[in-house]
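# Overview (structure and organization)
Residues per chain, in single letters:
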Protein chains: 2
Amino acid sequence: MAKQKKQPRPKAETPKGFRDYFGAEVTERAEMLQKIAQVYHLYGFEALESSAVETVEALGKFLPDVDRPNEGVFAWQEDTEGDKPGDWLALRYDLTAPLARVYAQHRNDLPTPYRRYAMGPVWRNEKPGPGRYRQFYQCDADTVGAPSVAADAEICAMLADTLEQVGIPRGDYIVRVNNRKVLNGVLEVMGLDEGAARDAVLRTIDKFDKVGESGVRELLGKGRLDASGAYIDGVGLSDEQAGPVLAFLTSKSDSAAQTLENLRAAVGDSVVGLEGVQELETISNLLAAQGYGPDRIVIDPSVVRGLGYYTGPVFEAELTFEIFDEKGRKRQFGSVAGGGRYDDLVKRFTGQAVPATGVSIGVDRLLAALREKGRIGGTVPGPVVVTVMDRDRMAEYQDMVGELRRAGIRAEVYLGNPKNFGNQMKYADRRGSPVAVIAGSDEFDRGVVQIKDLILGAKIAENATLEEWKERPSQFEVPRAQLVEKLRDMLDGQDQ
Amino acid sequence: MAKQKKQPRPKAETPKGFRDYFGAEVTERAEMLQKIAQVYHLYGFEALESSAVETVEALGKFLPDVDRPNEGVFAWQEDTEGDKPGDWLALRYDLTAPLARVYAQHRNDLPTPYRRYAMGPVWRNEKPGPGRYRQFYQCDADTVGAPSVAADAEICAMLADTLEQVGIPRGDYIVRVNNRKVLNGVLEVMGLDEGAARDAVLRTIDKFDKVGESGVRELLGKGRLDASGAYIDGVGLSDEQAGPVLAFLTSKSDSAAQTLENLRAAVGDSVVGLEGVQELETISNLLAAQGYGPDRIVIDPSVVRGLGYYTGPVFEAELTFEIFDEKGRKRQFGSVAGGGRYDDLVKRFTGQAVPATGVSIGVDRLLAALREKGRIGGTVPGPVVVTVMDRDRMAEYQDMVGELRRAGIRAEVYLGNPKNFGNQMKYADRRGSPVAVIAGSDEFDRGVVQIKDLILGAKIAENATLEEWKERPSQFEVPRAQLVEKLRDMLDGQDQ
């Protein structure tokens, strides 16, 4: 007989750049998102869950000008229907582009302003790297249709409240506020309203985070030798010409009043610049009146991230406590959220400019920070495991876990092959079970159960003296009727 | 000057078959999933969130034997790297195929048995229809690596607990249990171990839900005139030959013992059939011992859904209360969850058969049922809206909402253009706000605020007598210092 050709076995792997999340990784994120949602809700924001799949046309940034619009998104073409070629569809790459589509689509049914929050995965078709995944969570809140900077101030206050709510103590974070209009004013007084030089200056400002004041000064001038030894050509401005940009970037002072004074000087008589300074002043005053002082929210023109994208106020939340980076150097934890005002969000759909402002929290970064602070990631105890000594007693074992569950105690019967008792204890160990319950014929006859304290057991095995060992044995017997009561006492205070 | 060619505006639409979820639709689902997760957790199951994107190879059912594997899934090909053609990737179409991949990939690090729950969207590339979407939620719990039917019994008990936990009262649901092995035994005694006739009988059984006993009898025999008037050819069995199948399907009796007796008669001396009956008996006994009587879980061989897919016990949860269908006819609400044992889950990856059993809850159906029962979907009140009478007082209005929020009261300042006061009240109305707070210069001078009870206002406008109107005015004045206290009293008992 001819041997049947076998299909090779499929590889059991996630696609490159994707990963699975297990146990506490899932529940800790869910709990954090729930806390964030509570704050957003309290502020009057409504939940929105848009579809994960959008037309490439609606996502906008990635129009199919090539055969396949695969720049940065996961996209595919729908089947042809009759003569009509199928639409290109794509997974959303953030939560802002879908908001624009949703608002444009449903604007007649939505209140104005429309305040919404959204949380969920987004997908990027990018080269994955260490710690860089192609699916990750975002958590956004936006106010659409509110022209007043009171909406921006509110987003900043809400961001501060949110960070404290999830477990970042006051003093360990700072929300920094800048304004694109002020920068526009600065560029205006420099005579850089548009053109290549303006773009070069904007690109240079973007590097301020990395190269600092002296770096930006060099890059605005003749150029700079970078860390790799390469020479980066400069924009070619004289020191005097570059002055207003540097004045802008370094205008932060100890008091908001002084910072605003410095900014006013930097924008000279630029109308848009002065409007920007005025907006920052309004935000500062509104926040101060509500008690959000500079220990929580500050005007800080050195915040450059997103300045190219936003059209008005820009905000960023940074965590200020120190961690050790992968090279063992101390550094600040850094940014966990950012946002700002973007007034052209809906225009490409409707032709009408609609003011909008919002914030996006980097969920994974914030989770990492909470782990760093020890706020989450402690050992989550596994279930109480009722072992199976006598497989004919399964109903009685199930009865025990039923009782425990009704008392709110997480519990299960060992459901693998019960033949090897060692495997049952290994299982309990692998689950991180605090307690194993053991009962065979002898125990059933005498109306008792054995309770094995696995946490204490592990501790004793590690470092107990003989006296301690004797004093508090890690295994003991209780009447069956006292099982629930006894376990409740033992587990009291544990996060069940 | 040549007129610049304009790009047409993109359409603001979800792709066909997708939709957005707003406000309570999102939060009600989240709350229900959280309640389900609590039960699963209590039973010792661990959360798992696998990536939404899988390789088509790992998903299995949809191998790329055509140019593009678009049968039922959304799939696309990764970019070519060098000479290597890119992998085909796809959105998961359920949560079971990813579980198989995860277990095969991580089996050395996972406990055995591995008990996991998962909840999230899945995607189907199918023709959308009314109420049929291409993205929807599933919520699964599975036990992998437990050969004992105690694991199946536990899933049934957990399913009953879950339904009660989310708000389906006992008596309004029933979990039915069947067993594929019993059917195999019936087919064996009929001499239908394999072949076309066996497949035809299996397909016919699948129609039992729709055509009932007499329909199946006709279809197993000569054939049947269906509702549309078309004649459906039958399998061609004699009445005598078809007997065991019908005996199996109609074997349910008032007592589990009698049902099992009937099944034993139907399978004759088939070893696999008797094994199946024995499994049902064990499940029945285990559940009875824990108090899950036939008012909650029954052995019912008329459950045919999934019998073709599963390899052992099969379960289905049905809601038994009546609703009116789209044609105004009374009918039972029907199925909201199903599952069973499938012992070949991991085999295609590893070559090793791994026993597994689990359940999948149809999240949207269950939500619809809860709405039908009035358990969710009541009016969710909007935030207290503090109106803006004087835009220079923004800090003071913000101060009011800050105070309210700190007291746990959902509140916001109106952030649209405050010029038209009517728009502010329209906004409060559209948000479903219970209360609007109004304060202009006069109120600030006198240290008071006006409180407008919008819910009472709406009621009064509808049907109040003049006396009632006078007795409890819908707008009144309180000292500013009593704002929080007064609103707390008014909103007490409301779901904030």
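Residues numbered from 1 in each chain as written. Chains lettered and ligands numbered in written order. Predicted model: local features only at pLDDT ≥ 70, side-chain atom pairs only at ≥ 80, totals over all residues. Heavy atoms only, no water.

Per an unreviewed UniProt entry, the recorded name for chain A is Histidine--tRNA ligase, and the organism is Roseovarius gahaiensis. The heading Subunit (unreviewed entry) in the UniProt record of chain A holds the text "Homodimer." Looking at the Catalytic activity (unreviewed entry) heading of the UniProt record, one finds this comment for chain A: "tRNA(His) + L-histidine + ATP = L-histidyl-tRNA(His) + AMP + diphosphate + H(+)". (UniProt positions renumbered as here; feature names shortened; annotations may be inferred.)

Another point: the sheet that holds strand β4 (residues 75-77) of chain A. All names here are of chain A. Strand order in the open sheet made by the 3 strands is β3-β5-β4, with antiparallel pairing throughout. Bordering the open sheet on either side are β3 (53-55) and β4, each of which pairs with just one other strand. Across the sheet, the mean angle from the axis of one strand to that of its neighbour is 30°, orientation sign disregarded. Pairing between β4 and strand β5 (residues 88-91): 3 bridges, direction antiparallel. Within the sheet, the bridge partner assigned to Gln77 lies in β5 and is Trp88. (Pairing = 2+ DSSP bridges. Helix = DSSP H or I, 4+ residues; strand = E, 2+ residues; numbered from the N terminus. Axes fitted to C-alpha atoms, helices over the stretch in contact; angles between N-to-C directions.)

So, on to the relation of the copies chain B and chain A. The operation relating chain B to chain A is a screw motion whose rotation component is 180°, with 0.0 Å of axial translation and a residual RMSD of 0.1 Å. Such a combination of turn and shift is consistent with a two-fold rotation axis. Closest to the rotation axis within chain B is the C-alpha of Trp76(B), separated from it by 2.9 Å. (Least-squares fit on C-alpha atoms with pLDDT ≥ 70 in both.)

Further remarks concern unusual backbone geometry. Of note, the amide linkage connecting Thr112(A) to Pro113(A) takes the cis form, showing an omega dihedral of -5°. Assignment of secondary structure puts Pro113(A) in the loop between α3 (96-106) and β6 (114-123).

So, on to helix α5 (residues 180-189) of chain A. Residue and element names in this part refer to chain A. For α5, the buried fraction is high: 8 of the 10 residues fall into the buried class. Buried positions along α5 lie against β8 (173-179), α6 (196-205), α8 (239-249), α9 (256-267), α10 (271-289) and β12 (313-324). Two to three positions downstream of the cap, the backbone nitrogen of Lys181 sits 2.9 Å from a side-chain oxygen, assigning the N-cap of α5 to Asn179. Residue Gly191 follows α5 closely and has a positive phi angle near 75°. (Buried < 20%, exposed > 50% of the residue type's maximum accessible area, 1.4 Å probe, protein only. Contact = heavy atoms within 4.5 Å. Polar contact = N/O pair within 3.5 Å; in protein donor to acceptor, adjacent residues only side chain to side chain.)

Let us now look at the confidence of the model for chain A. Mean pLDDT over chain A: 89, with 92% of residues reaching 70 or higher. The model gives residues 62-69 of chain A a pLDDT under 50, and that stretch makes 21 contacts with residues more than four places away or in other chains. (pLDDT = per-residue confidence, 0-100.)

Looking now at the UniProt feature "binding site: L-histidine" (unreviewed entry) in chain A. All names here are of chain A. Per the UniProt annotation, the sites labelled "binding site: L-histidine" (unreviewed entry) are Asp94, Leu95, Thr96, Arg124, Gln138, Asp142, Arg305, Tyr309 and Tyr310. On the secondary structure map, Gln138 appears in strand β7 (residues 135-144). Look at Gln138 and you get buried, because its relative accessible area is 12%. Setting aside its immediate chain neighbours within four residues, Gln138 contacts Asp94, Leu95, Ala118, Met119, Gly120, Val122, Arg124, Ser360, Ile361 and Val363. Within the fold, Tyr310 resides in the loop between β11 (297-299) and β12. Classification of Tyr310 as buried rests on a relative accessible area of 14%.

All names here are of chain A. Of all the 7 residues making up β8, 7 are buried; the element is thus mostly covered by neighbouring parts of the structure. The side-chain alternation of β8 yields two buried faces, one formed by Tyr173, Val175, Val177 and Asn179 and the other by Ile174, Arg176 and Asn178. Across 7 bridges, the pairing between β8 and β12 is antiparallel. Following the sheet pairing, Val175 is matched in β12 by Ala317. Relative to β11, β8 runs parallel, the two being bridged by 3 bridges. Bridge pairing in β11 places Val177 opposite Ile299.

This brings us to the sheet that holds strand β12 (residues 313-324) of chain B. As summarised here, the arrangement of the 9 strands in space is β1(A)-β2(B)-β6(B)-β7(B)-β14(B)-β13(B)-β12(B)-β8(B)-β11(B), forming an open sheet in which the pairing is mixed. Both edges of this open sheet fall to β1 (21-22) of chain A together with β11 (297-299) of chain B, since each of them pairs with a single strand only. Where strand β7 (residues 135-144) of chain B lies against strand β14 (residues 356-362) of chain B, 7 bridges are found, and the strand directions are antiparallel. Within the sheet, the bridge partner assigned to Gln138(B) lies in β14(B) and is Gly362(B). Strands in contact with helix α10 (residues 271-289) of chain B are β8 (173-179), β11 and β12 of chain B; relative to β8(B), the strand with the most contacts, it is inclined by about 150°. Helix α12 (residues 363-372) of chain B rests against β7, β12, β13 (330-341) and β14 of chain B of the sheet, and its axis sits at about 145° to β13(B).

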